[in-house]
Amino acid sequence: MLFLNAEDIKKIFTMEDAIESDREAFVIQGTNGAEVPVRINFDVKKNGVTSYMPALIKNFPMTGIKIVSTYPENAKKGLPAVSATTLLTDPDTGEVNAVLDGTELTRMRTGAVSGLATKLLANEDSAAAALFGTGGQAMSQLEAILTVRKISEVRIFDSSAERIKSFMERASFFAEKHGTKLIASPSSAAAVDGADIITTVTTSADPVFDGHMIKAGAHINAVGGFMPHKRELDEYTVTHADKIFIDNSEAVKSEAGEFIIPVSDGKFSWESINGELGDLILGKVPGRTGRKEVTIMKTVGFATLDIVIAYNVYKKAVSTGVGRII
């Protein structure tokens, strides 16, 4: 059994690799190349959720599962709010043949979803970005956005000024690499004002900014929420967007509070969603058709993304001799 920790993964797999892996996963999903049950969520403790996300990728073939826990209070213990482990099985024997650091894989594949969506939907001359949240997922979100667009400044907002400061110090490498200025935003309004790209990656149960502040032509990546009673985007944002894309229809309809809440209030319709990102990649639906369109990508995550990236990392690790046999 091959064991790959976070450092092993980062050594051999780049954000560009992750974005291409996600593109592959969306195509597989969009062509019925995977069997993906809806994730099983267990409320283990107050503010503590553990989820089980299995998938079969038919053409590899490969089965695997990600076990992921979301514990927002972990930040107070110096631990990531989201932690995970991914297992792969040998298609010939059914035995587990790889254990990978699912926390790092989750960061990469989730960041890459936003990177891919931004590459496909954001205006090419986007220069200003806003990032809400500074937790374990935030760094890869920043890296992905900077990978696909030439961004001059990123406004960082979080409910804790100390967390903003710490994040900016850790993110300075990416900022310098891409020639980007990081700005500690004093308010959510200041972060959103004039932003071409807005990314939300928080554990907030309530909207993190006022949709009336969105710039015409902005692209929004809504990443953090995956529970039906939580939403990072307000009703105005989702009801006034020109194009809305999602990662997985079945998962979104059971987990995305951004849509579930206004649908239950009779103020939004599932038919208002333009399609999955895979539909856009496969040319089944159009993407941005005007500079002033506001576009949204909502992701709750689905196991195809996890197993495809885990398999791609596993293949590269085997070919390069990275990792430890246990």
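About the criteria used
Residues numbered from 1 in each chain as written. Predicted model: local features only at pLDDT ≥ 70, side-chain atom pairs only at ≥ 80, totals over all residues. Heavy atoms only, no water. Helix = DSSP H or I, 4+ residues; strand = E, 2+ residues; numbered from the N terminus. Rg over C-alpha atoms; globule rule 2.2 N^0.38 Å. Areas by Shrake-Rupley, 256 points an atom, 1.4 Å probe, with all protein chains shown as cover. Lys, Arg positive; Asp, Glu negative; His and termini not counted. Charge placed at Lys NZ, Arg CZ, Asp CG, Glu CD. Contact = heavy atoms within 4.5 Å. Expected span 1.5 Å × (residues − 1). Buried < 20%, exposed > 50% of the residue type's maximum accessible area, 1.4 Å probe, protein only. Patch = residues over 30% accessible without salt bridge, like charges linked within 9 Å, V, L, I, M, F, W, Y side chains within 5 Å. Salt bridge = Lys/Arg side-chain N within 4 Å of Asp/Glu carboxyl O. Pairing = 2+ DSSP bridges. Axes fitted to C-alpha atoms, helices over the stretch in contact; angles between N-to-C directions. Phe/Tyr/Trp six-rings, centres within 6.5 Å; stacked < 30°, edge-to-face > 60°. Left-handed = near helix turned anticlockwise from the far one by under 90°. Nonpolar A, V, L, I, M, F, W, Y, C, P; charged D, E, K, R; others polar. Core = buried A, V, L, I, M, F, W, Y, C linked by side-chain atoms within 4.5 Å.

A closer look at the overall build of the protein chain
Thinking step 1. Scanning the protein chain from terminus to terminus reveals 11 helices and 16 strands.
Thinking step 2. The C-alpha radius of gyration computed for the protein chain amounts to 19 Å, which stays within 12% of the reference 20 Å derived for 326 residues, consistent with globular compactness.
Thinking step 3. Seen through its C-alpha atoms, the protein chain measures out along the principal axes to roughly 55 × 45 × 40 Å.
Thinking step 4. As displayed, the protein chain offers around 13,800 Å² of accessible surface, 52% of which is attributable to carbon and sulfur atoms.
Thinking step 5. In the protein chain, which carries 35 positive and 41 negative side-chain charges, the distance between the mean positions of the two groups comes to 3 Å.

A few points about the side chain of Gln29
Thinking step 1. Note on placement: Gln29 falls in helix 2 (residues 15-30).
Thinking step 2. With residues near it in sequence (within four places) discarded, Gln29 still touches Ala34, Val36, Asn248, Glu276, Phe302 and Thr304.

Some remarks on helix 5 (residues 161-178)
Thinking step 1. Here helix 5 spans 24 Å end to end across 18 residues, near enough to the 26 Å set by a 1.5 Å rise per residue.
Thinking step 2. Where helix 5 is concerned, the buried positions are Ile164, Phe167, Ala171, Phe174 and Ala175.
Thinking step 3. Lining the buried residues of helix 5 we find strand 8 (128-132), helix 4 (138-148), strand 9 (153-157) and strand 10 (181-184).
Thinking step 4. Gly179 sits one or two residues past helix 5 and shows a positive phi near 65°.

Notes on a nonpolar patch on the surface
Thinking step 1. A cluster of nonpolar side chains, Met1, Val96 and Ile326, forms an exposed patch at the surface whose accessible area comes to about 250 Å².
Thinking step 2. Relative to the elements of secondary structure, Val96 occurs in strand 7 (residues 96-101).

Section: the side chain of Ser126
Thinking step 1. Mapped onto the elements, Ser126 comes out in the loop between helix 3 (102-121) and strand 8.
Thinking step 2. Judged by its relative accessible area of 2%, Ser126 is buried.
Thinking step 3. In this view, Ser126 contacts Lys150, Ile151, Asp196 and Ile197; residues no more than four positions away in its chain are not counted.

Looking at the sheet that holds strand 10
What holds strands together in a sheet is hydrogen bonding between their backbones, with the strands either parallel or antiparallel.
Thinking step 1. Taking strand neighbours across the sheet as the criterion, the 8 strands line up as 10-9-8-11-12-15-13-14 in an open arrangement whose pairing is parallel. The outermost strands of the open sheet, each flanked by one partner alone, are strand 10 and strand 14 (275-276).
Thinking step 2. As paired strands, strand 12 (residues 219-222) and strand 15 (residues 295-298) are joined by 4 bridges and run parallel to one another. Directly across from Ile220, in strand 15, lies its bridge partner Ile296.
Thinking step 3. Helix 3 contacts strand 11 (197-200), strand 12, strand 13 (243-246) and strand 15 of the sheet and is inclined by roughly 160° relative to strand 12.

Points about the packing of aromatic side chains
Thinking step 1. Evaluated as defined, the whole model comprises 8 aromatic pairs.
Thinking step 2. Relative to Phe157, the ring of Phe132 has its centre 5.8 Å away and its plane inclined at 65°; by these criteria the two rings are edge-to-face. In this pair, Phe132 is assigned in strand 8 and Phe157 in strand 9, connecting sequence segments 25 residues apart.
Thinking step 3. On the basis of relative accessible area, Phe132 is assigned to the buried category, the value being 1%.
Thinking step 4. Here a set of aromatic residues connected by ring pairs shows up, and it is made of Phe132, Phe157 and Phe209.

Points about the packing of helix 3 against helix 4
Thinking step 1. Two numbers describe how helix 3 lies on helix 4: the axes approach to 8 Å, and their chain directions differ by 35°. Viewed along their axes, helix 3 and helix 4 form a crossing whose handedness is right-handed. Contacts between helix 3 and helix 4 involve Arg107, Met108, Thr110, Gly111, Ala112, Ser114, Gly115, Thr118 and Lys119 from the former and Ser140, Gln141, Ala144, Ile145 and Val148 from the latter.
Thinking step 2. A breakdown of the residues in the contact of helix 3 with helix 4 according to their chemical character gives 5 nonpolar, 7 polar and 2 charged.

Quick word on the pattern of salt bridges
Thinking step 1. For the structure shown, the criterion picks out 15 salt bridges.
Thinking step 2. Because the salt bridges share partners, they merge into one network encompassing Lys66, Arg109 and Asp306.

What to know about helix 9 (residues 257-264)
Three- or four-residue spacings in an α-helix give side chains the same orientation, since the helix completes a turn every 3.6 residues.
Thinking step 1. With respect to burial, helix 9 is a largely interior element, 6 of its 8 residues being buried.
Thinking step 2. Residues of helix 9 that are buried: Gly257, Glu258, Phe259, Ile260, Ile261 and Pro262.
Thinking step 3. Summarising the contacts, the buried residues of helix 9 are in contact with strand 12, helix 7 (235-240), strand 13, helix 8 (249-255) and strand 15.
Thinking step 4. Gly266 occupies a position one or two residues after helix 9 and carries a positive phi of about 75°.

Describing the environment of Val318
Thinking step 1. One can find Val318 in helix 11 (residues 303-320).
Thinking step 2. C-alpha of Val318 to C-alpha of Leu87: the two residues are 231 residues apart in sequence and 15 Å apart in space.

A short note on the nonpolar core
Thinking step 1. Grouped together as the largest cluster of nonpolar side chains are 48 residues, with contacts concentrated most on Leu4, Phe13, Phe26, Leu88, Leu100 and Val313.
Thinking step 2. Among the elements that line this core, the one with the most residues is helix 11, at 10 residues.
Thinking step 3. Setting aside chain neighbours within four positions, we find Phe13 in contact with Ala18, Ser21, Met108, Ile309, Asn312, Val313 and Lys316.
Thinking step 4. By size, the runner-up hydrophobic cluster in this structure holds 29 residues, among which are Val192, Phe209, Ile220 and Met227.

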